[in-house]
Every structure is written in C-alpha cells, then in structure tokens.
Amino acid sequence: MGACATASGPVRAPGENPGFPAENCLPLATPDCDRLGRARQIKHVLKRAGLTVCRASALTGTVYGKDTPYYVPPTFLYKTRIGITPHICQLVALSQVTGYRFADWMSLCGFDLRWILSLQLEVHGERTAMIAPAHTVSPHDFAFGHESSRIERSDRYFFVKIGTADNVVYPELLSGSVVRADRHYSPQDRTSERSEELLWLVEHPEGLACCHVKRIDNEHIVLLPNRPPLSAWPLRLSREARVLGLVDLEFRPRRVKQFGSTSMKADTLATIPRGSGTMSLSTLLRISRARNGLTLRSAHQKTVQVAHLLQDPEYRIPLGLLSDYEATDRFPRHIAKIISLCVVYGIDFWQLMQAGGSQVDDAGKAPLFSSEFNLDPRIPGDFWFGSYRENVRHA
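Residues numbered from 1 in each chain as written. Predicted model: local features only at pLDDT ≥ 70, side-chain atom pairs only at ≥ 80, totals over all residues. Heavy atoms only, no water.

Draft legend 1. Structural context of the pairing of strand β6 (residues 200-204). Across the 5 residues that make up β6, a large majority, 5, are buried. Linking β6 back to strand β7 (residues 207-215) in an antiparallel pair, the connection comprises 2 residues. With 4 bridges joining them, β6 and strand β10 (residues 242-251) adopt antiparallel strand pairing. Within β10, the residue paired with glutamate 203 across the bridge is arginine 242. (Buried < 20%, exposed > 50% of the residue type's maximum accessible area, 1.4 Å probe, protein only. Helix = DSSP H or I, 4+ residues; strand = E, 2+ residues; numbered from the N terminus. Pairing = 2+ DSSP bridges.)

Draft legend 2. Representation of unusual backbone geometry in the model. The linkage connecting tyrosine 170 with the following residue, proline 171, adopts the cis geometry, with an omega of 10°. Following proline 228, the chain continues to proline 229 via a peptide bond in cis, the omega torsion being 10°. Along the polypeptide, proline 229 turns up in the loop between β8 (220-224) and β9 (235-236). Of note in the backbone geometry, serine 238 takes a positive phi value of approximately 75° without being a glycine. By relative accessible area, serine 238 is classed as partly exposed at 32%. Here the phi dihedral of glutamine 311 falls at roughly 55°; this positive angle occurs in a residue that is not glycine.

Draft legend 3. Molecular detail of a nonpolar patch on the surface. A cluster of nonpolar side chains, namely Tyr78, Ile82 and Ile84, defines an oily patch on the protein surface of about 290 Å² accessible area. Relative to the assigned elements, isoleucine 82 resides in the loop between α3 (76-81) and α4 (88-98). (Patch = residues over 30% accessible without salt bridge, like charges linked within 9 Å, V, L, I, M, F, W, Y side chains within 5 Å. Areas by Shrake-Rupley, 256 points an atom, 1.4 Å probe, with all protein chains shown as cover. Salt bridge = Lys/Arg side-chain N within 4 Å of Asp/Glu carboxyl O.)

Draft legend 4. Focus on the packing of aromatic side chains. One pass over the full model with this rule turns up 4 aromatic pairs. An angle of 10° between the planes, with centres 4.7 Å apart, marks the rings of tyrosine 64 and tyrosine 70 as stacked. Take tyrosine 64: its relative accessible area is 26%, and that puts it in the partly exposed class. The exposure class assigned to tyrosine 70 is buried, which follows from its relative accessible area of 15%. Arranged with centres 6.2 Å apart and planes meeting at 20°, the rings of phenylalanine 102 and phenylalanine 349 form a pair that is stacked. (Phe/Tyr/Trp six-rings, centres within 6.5 Å; stacked < 30°, edge-to-face > 60°.)

Draft legend 5. Region of the structure containing the sheet that holds β10. Taken in spatial order, the 8 strands of this open sheet run β3-β4-β5-β10-β6-β7-β8-β9, and their pairing is antiparallel. Where the open sheet ends on each side, the last strands, each with one partner, are β3 (129-131) and β9. Relative to β7, helix α8 (residues 281-291) is tilted by about 70°, and along the sheet it contacts β3, β6, β7 and β10. (Contact = heavy atoms within 4.5 Å. Axes fitted to C-alpha atoms, helices over the stretch in contact; angles between N-to-C directions.)

Draft legend 6. The environment of arginine 81, seen in detail. Mapping arginine 81 onto the fold places it in helix α3. For the pair arginine 81 and leucine 36, spaced 45 residues apart in sequence, the C-alpha to C-alpha distance is 5.1 Å. The contact partners of arginine 81, leaving out residues within four places of it in the chain, are Arg35, Leu36 and Ala39.

Draft legend 7. Summary view of the nonpolar core. Core analysis: the biggest nonpolar cluster contains 62 residues, and Ile88, Phe102, Trp105, Phe349 and Leu352 have the highest contact counts within it. If we ignore the near neighbours within four places in the chain, the residues touching phenylalanine 349 are Ile88, Phe102, Met106, Leu113, Ile116, Ala134, Ile338 and Cys342. (Core = buried A, V, L, I, M, F, W, Y, C linked by side-chain atoms within 4.5 Å.)

Draft legend 8. Main features of the pattern of salt bridges. This model, assessed by the stated rule, comprises 11 salt bridges. In this structure, the salt-bridge partner of aspartate 166 is arginine 127, at a minimum N-O distance of 3.2 Å. Of this pair, aspartate 166 sits in the loop between β4 (157-161) and β5 (178-182) while arginine 127 is found in the loop between α6 (115-123) and β3, placing the two residues 39 residues apart along the sequence. On the basis of relative accessibility, which here comes to 3%, the residue aspartate 166 falls in the buried class. Linking glutamate 203 and arginine 291 is a salt bridge whose minimum nitrogen-to-oxygen distance equals 3.1 Å. Note that glutamate 203 is positioned in strand β6 and arginine 291 in helix α8, a separation of 88 residues in sequence. Like glutamate 203, the residue arginine 291 is buried in the burial classification. Salt bridges linked by common partners bring Glu203, Arg242 and Arg291 together as one network.

Draft legend 9. How the structure looks around the packing of helix α2 (residues 53-64) against α4. Where α2 meets α4, the closest approach of the two axes is 10 Å, and the angle between their N-to-C directions is 105°. As summarised for this structure, α2 and α4 are arranged roughly perpendicular, according to the angle between their axes. Across the interface between the two elements, Ala56, Leu59, Thr60 and Tyr64 of α2 pack against Val92, Ala93, Leu94, Gln96 and Val97 of α4. A breakdown of the residues in the contact of α2 with α4 according to their chemical character gives 7 nonpolar, 2 polar and no charged. (Parallel < 35°, antiparallel > 145°, perpendicular 65-115°, else oblique. Nonpolar A, V, L, I, M, F, W, Y, C, P; charged D, E, K, R; others polar.)

Draft legend 10. Examining helix α9 (residues 296-310) more closely. With 15 residues, α9 extends 21 Å between its outermost C-alpha atoms, agreeing within 8% with the 21 Å of an ideal straight helix rising 1.5 Å per residue. Restricting attention to buried positions, one finds in α9 the residues Leu296, Ala299, His300, Lys302, Thr303, Val306, Ala307, Leu309 and Leu310. Buried residues in α9 make contact with α6, α8, α10 (319-327) and α11 (335-345). Following α9 by one or two positions, glutamine 311 adopts a phi angle in the positive range, close to 55°. (Expected span 1.5 Å × (residues − 1).)

Draft legend 11. Structural detail: the state of the cysteines. Tallied over the entire structure, the rule returns 0 disulfides. In this structure cysteine 211 is not part of a disulfide, and its nearest cysteine sulfur, from cysteine 210, lies 7.5 Å away. Among the residues examined, cysteine 211 registers a relative accessible area of 0% and is labelled buried. (Disulfide = S-S within 2.5 Å.)

Printed below as a string of structure tokens:
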C-alpha cells in the first residue's frame, strides 16, 4: 500500500492548537560525570564484557592492527582520565569487541547522537536545509505532543527545515516548519495535472526548495512559482535539478516568520550526482554544503554557533580545516568535529561514517543504558511547534 499527499498539499496543524516547549526535543544524555567518573564507567563496562583494558587493547590490535586508528592502547583509561578524547574509530573497535552498541559507547564518552537533530533545528534558519536524524524519531523529537506516532529512520524519507528567506510557497508551508519528503514518488509517477498541484522537494543550483514542479518534457522541468531563488528557466533533470521526493508531512512552528526573498548563492556549487552510491568523504561534504546553500565561511560560522550552544570550543571548525576536509578524504580525528559536520552540512551520521571508511552495525548488540536519562542542559531551546497530523492517505 502506498501513501501520497492530498492534491491540495500537506495537511497543516491548526494554528490555535497548543504548542510544546523545545525542551521536549532536547537530546537525552548520560548523567554528567568528570573525567575520573567516565574512566570508572568505561572500566566497569569492560568488566561487564569480561575484559580488562589490556585484554581489550590486545583484541583490537589483533582484529584491526596496532598501526590503525582502531587500536585501543593499554593507556586508554589513563588518557580518558586526563581528558584526551578517544578517536571515533577506537569506539567502533570497543563496540565490536565488547558487543555493546556503538551509539551507547558514544554516549558513555560524552557524545549523544541525539544531539544532532536538536542542533540542526537550532542552527539552520535562513536557508532551507537538510536535517538527518541519527535515530528513529517521533513527533516528540520535533517538540510535538503526539503520543503514538513513530517515524522510522529510513532511506525512504528526507527531512528538511524550511528557511525564512527561500520559502517560495509561503503560506502553503510555513517558514521554520520541518517537512518530510517521500523519495518513493516522483512527478513522472503522477499525471501531469496532479503533479503540478503537489509539493515536491527539489535540489537545484541554488540549494533546496519545496515547490511545485511542471514537466516540460522527459528531460526538463520548471520550478514554480517563478520567484527567487528559483530559476524562471527550464532545468535539465539530473544535471541542473533533481526531484528528491513528495512532501507528505509538515511539522508546523507555532511562531510564524513570513517569507522574505533574498538572493543567496553558494560560492562553490557541487555537481548534482547522477546516481546513488557510496561517495568519498570529500565529495559528500562538498555536495552536502552546496545542497544546503552554504559557503565555506557561513558553514564555519555555523560551527561557531554549535560550539556556543554546547559551550565547548572543540565543536568549532576553523575555516581552513573545513577547506581541508573538502579537499582530502582524511576522516576528522575529533568526534566533536564529526558531529559539527553532521549538524551544519545536514549529513546523516551513519553515511558520514561510511564515507570515512567506518561501517558501523549495531544490530544484535546489547544496550548499555536504560531509556531513562537526564535531559542535557547545554542546548537552549526556544523552538516551539504546534500539534502534529499526518498528511497521507492510503491508495
């Protein structure tokens, strides 16, 4: 059975419905602890797995090799006590040899992957930007008070936050809304008349847009309405534009910001890829930044914002280092930098790991924690949304 949006577009939640505070969507984190406490926790986890740090070190050396970033040295706990952050590949190795989930090892070391979604909602505002939850989400993650709906993290969907400066279909979609696009549908699947009534997520030379699509022929489309930053001229499919999916859900903000058109263009536009497949790290970064309509300088400024929100300078990525990441395939050494890249560039964390050469599989691994954690206080929240309704009907 399929699902598609109604002909009139996504069903929106009524504006009078009560909102929910952003604190509801803040990431869950392990209890705060100092460096000594974290080292004790790691030692306890290793003990639960029947290992000492020396035994874990020997296993990682045997499985991955001592000359690789996956190798966990016998001094791992000492380095943790003095505040040296582990390499992300070391956490991949510890997850493998202990049988505990990689995501939980990340949380144990002070990096909860659920931060990524909340940070993306905070730092992206002016431009329509891709957001990529690293976990299964529910309306609560978008500050919704819906009790039963869960949105499985899937390659089927894209999520984007509508920008305040490039929302060409306002008021059909509100600036600041989060919308979902079902990539199983394309304008070619619908009749010409019906396709033009629907909203589509489109990647074009200026970035991303949720708009109407009119087919000229099998190779060209026109994006509607004809207003900046959309081109008034036909665009060639796969080369100049790509229809990513059908907009079928909208999470509406309670505070509405009106659309104000402005001319914005990234200084370096990546070529829209012809097909899917595993990209190199540098290619993934360049394409993702161009897709979100960011220059290197604006991307750097957003990493500064992430560092400010988390009150940790390690999340700041210097302009030169961002350029190096896009010019080479060298995977970042610091976990904080990897999280910042995911937040600012709108990259799926697991896709970034794969592009960096680390395939992570948590299937069948045991959890380290219960589901009851304290809310992390470091991300201030003033992001309020109204209620939620699913805009699908069964075919």
